[in-house]
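# An overview of the molecular structure
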Amino acid sequence: MEQRLNEILREALEKINQNDHTLKSLEEIRLAYLGKKGVLTEVMAGLRNLTPEEKPVIGQKINVIKATIENTLKDAKTKVEDQELLKLLESEKIDPTLPGLKLPTGSIHPLNQVIEDVEDLFLGLGYEVADGPELEKDLYNFEMMNIGKNHPARAMQDSFFVDEETLLRTHTSPVQARAMLAHKGKPLAIICPGKVYRRDNDDLTHSHQFMQIEGLVIDEHITFGHLKDTLLKMVRHLFGNEREIRLRPSYFPFTEPSVEVDVVWTKADGTKTYIEVLGAGLVHPDVLKMGGYDPDKFQGFAFGIGVERIAILKYHVEDIRNFYTNDIRFLKQFRGK
Ligand code: FA5
């Protein structure tokens, strides 16, 4: 019996120690020796035929053999697992020299590029950036801008009313009224970029929704010279130091005197064209009064820039609608501008 057991152990270890095992082949060996129908189980069944003296000796021997086979199998299994892991790692090796995947990056919308550019200039000149709601009260959009209920100037800014007192703002000028009330009679210098809405028919240079940047400065001793200098600075900041502007007398109920400002453009054939980009003027005394400022002590200047018009000129865009149709081929052209 003992000899048979030594034989079983030798044979089992020999099989386990062969190379090229897989987890499956090791499991087969385990079942063949230690399983329910395995060789050792069979041998154990034969224990009952032994004498009472032999039984414990052989029983112990069987236990030692079982433990030896189990431990050797465990070591072999760990070896196979390590090798399989190594194989997997090798097959998944990363090649750091391969070119990486290019992730598509967005870019800043051209209208926002213009706004950021204008903000940069005015923040440097000590202005604050103010904000106001797009859904605005008639009071701020019209009345505090000196455009009473039956004022004909309302017709120039045909509007989207939500109810009798509320509308989508037709210009950024209501922010003037809000800023004046917030500054409570103290000097101020603000700009305010934002969306505005009018019932204009869309064409190459008009949109029913567009952007403006409002500017307002109130202080003592403000003159028209300050306004002109500021506008020239802004146009040259946007279009280069050689650019000229032309001021045309105009009318806004909230400024007096009022001007419309054109940028002078020299065409390829040398002829000049004038493109209107903004409205401006000295703040009307009634507007100052409604905002809580004494017009005998304070003066102010204000302007409202059409952002799309600036972008059209700066980037040579033919149709204002391109800014709003979100065509990726159009927008891609403004990367890194
Ligand atoms: C105004 O809106 C005044 N609030 C501007 C102002 C502010 C004057 C402060 C004085 C003091 P106007 O309606 O002209 O003015 O519009 C100003 C600019 O907005 C125009 O010069 C033009 O560049 C742009 N603009 C006007 N209507 C449209 C439109 N439908 N589509 C695109 N841009 C427009």
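This write-up is about the structure you can find in this document. Worth saying up front: this structure is predicted, and the values here are computed from it rather than measured.

Procedures and definitions
- Residues numbered from 1 in each chain as written.
- Predicted model: local features only at pLDDT ≥ 70, side-chain atom pairs only at ≥ 80, totals over all residues.
- Heavy atoms only, no water.
- Helix = DSSP H or I, 4+ residues; strand = E, 2+ residues; numbered from the N terminus.
- Buried < 20%, exposed > 50% of the residue type's maximum accessible area, 1.4 Å probe, protein only.
- Contact = heavy atoms within 4.5 Å.
- Pairing = 2+ DSSP bridges.
- Axes fitted to C-alpha atoms, helices over the stretch in contact; angles between N-to-C directions.
- Lys, Arg positive; Asp, Glu negative; His and termini not counted.
- Salt bridge = Lys/Arg side-chain N within 4 Å of Asp/Glu carboxyl O.
- Polar contact = N/O pair within 3.5 Å; in protein donor to acceptor, adjacent residues only side chain to side chain.

## Here's the deal with the environment of Asp 200
Note that Asp 200 resides in the loop between strand S5 (188-197) and strand S6 (209-219). Classification of Asp 200 by relative accessible area gives partly exposed; the value is 26%. For the pair formed by Asp 200 and Gly 132, sequence separation is 68 residues and the distance between their alpha carbons is 22 Å. In this view, Asp 200 contacts His 206, Ser 207 and His 208; residues no more than four positions away in its chain are not counted.

## Section: the sheet that holds strand S7 (residues 245-252)
With mixed pairing, 7 strands are arranged side by side in an open sheet as S1-S5-S6-S10-S9-S8-S7. With partners counted over all chains shown, the strands left at the sheet margins are strand S1 (128-129) and S7, one partner each. Where strand S9 (residues 272-283) lies against strand S10 (residues 299-306), 5 bridges are found, and the strand directions are antiparallel. Residue pairing across strands places Gly 279 opposite Gly 304, the latter belonging to S10. Lying over the sheet, helix H7 (residues 174-183) contacts S1, S5, S6 and S10, oriented at roughly 145 degrees with respect to S5.

## Some words on the side chain of Glu 214
Looking at the secondary structure, you find Glu 214 in strand S6. One buried charged side chain, Glu 214, makes no salt bridge at all; its nearest oppositely charged neighbour is Arg 198, positioned 8.3 Å away. Among the polar contacts listed, one links the side chain of Glu 214 to the side chain of Ser 173, at a separation of 2.8 Å. Side-chain polar atoms of Glu 214 contact the side chain of Gln 176, separated by 2.7 Å. With sequence-adjacent residues up to four places away left out, Glu 214 is seen in contact with Thr 172, Ser 173, Gln 176, Ile 190, Ile 191, Cys 192, Phe 303 and Gly 304.

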